[in-house]
Amino acid sequence: QVQLVESGGGLVQAGGSLRLSCAASGRTVGSYAMGWFRQAPGKERVFVASIRWSDGSTNYADSVKGRFTISRDNAKNTVYLQLNGLKPEDTAVYYCACRVIYSVGYYSPYDYDYWGQGTQVTVSS
């Protein structure tokens, strides 16, 4: 019922920047929040950032705080993740996700109901 499509990934050198986009379609009206997760080779999928549709309130993982910025355009049903000061350890597949119903949790993948296919971010040394 909800489709999410990420774009904007690529290969950059350490210290570079990327802007990821997540376009939402389908029955997204009334959903609560969007999140970004990432999964590096051999690692579990982990939380990166989240944002509420209603008021734009955000949460960030400690590892990206101060470097990444999540934002949203409600009119376009699109969420962005600005990646600045990229490090090799940021290399991962980045996924956007939709949380339909309010709950106190935000950092667990199980708090989200729909997922995109992912976009690869690779940061070289």
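In this report, the structure presented in the accompanying data block is examined. (Residues numbered from 1 in each chain as written. Predicted model: local features only at pLDDT ≥ 70, side-chain atom pairs only at ≥ 80, totals over all residues. Heavy atoms only, no water.)

### Comments concerning the environment of Tyr 106
Here's step 1: In this fold, Tyr 106 is placed in the loop between β9 (92-99) and β10 (114-115).
Here's step 2: A relative accessible area of 27% means that Tyr 106 is categorised as partly exposed.
Here's step 3: Among residues more than four places away in sequence, those in contact with Tyr 106 are Phe 37, Phe 47, Ser 50, Asn 59, Arg 99, Asp 111 and Tyr 112. (Helix = DSSP H or I, 4+ residues; strand = E, 2+ residues; numbered from the N terminus. Buried < 20%, exposed > 50% of the residue type's maximum accessible area, 1.4 Å probe, protein only. Contact = heavy atoms within 4.5 Å.)

### Some details on the packing of aromatic side chains
Here's step 1: In this structure the tally under the stated criterion is seven aromatic pairs.
Here's step 2: An aromatic cluster of three or more residues is present, and its members are Phe 37, Phe 47, Tyr 106, Tyr 107, Tyr 112 and Trp 115.
Here's step 3: Arg 45 extends its terminal NZ or CZ atom over the ring of Trp 115, reaching a point 4.9 Å from the ring centre. (Phe/Tyr/Trp six-rings, centres within 6.5 Å; stacked < 30°, edge-to-face > 60°. Lys NZ or Arg CZ within 6 Å of the ring centre and 35° of its normal.)

### Remarks on the environment of Ser 103
Here's step 1: Structurally, Ser 103 is set in the loop between β9 and β10.
Here's step 2: Put simply, Ser 103 and Cys 22 are 81 residues apart on the chain and 22 Å apart in space, counted from C-alpha to C-alpha.

### Here's the deal with the state of the cysteines
Here's step 1: Counted according to the given criterion, the structure contains one disulfide.
Here's step 2: Between the sulfur atoms of Cys 22 and its disulfide mate Cys 96 the distance is 2.0 Å. Taking the sign of the torsion about the S-S bond as the criterion, the disulfide between Cys 22 and Cys 96, at about 60°, is right-handed. With Cys 22 in strand β3 (residues 18-26) and Cys 96 in strand β9, this residue pair connects regions lying 74 residues apart in the sequence. (Disulfide = S-S within 2.5 Å.)

Fair warning: the whole summary comes from geometry, so function is off the table for now.
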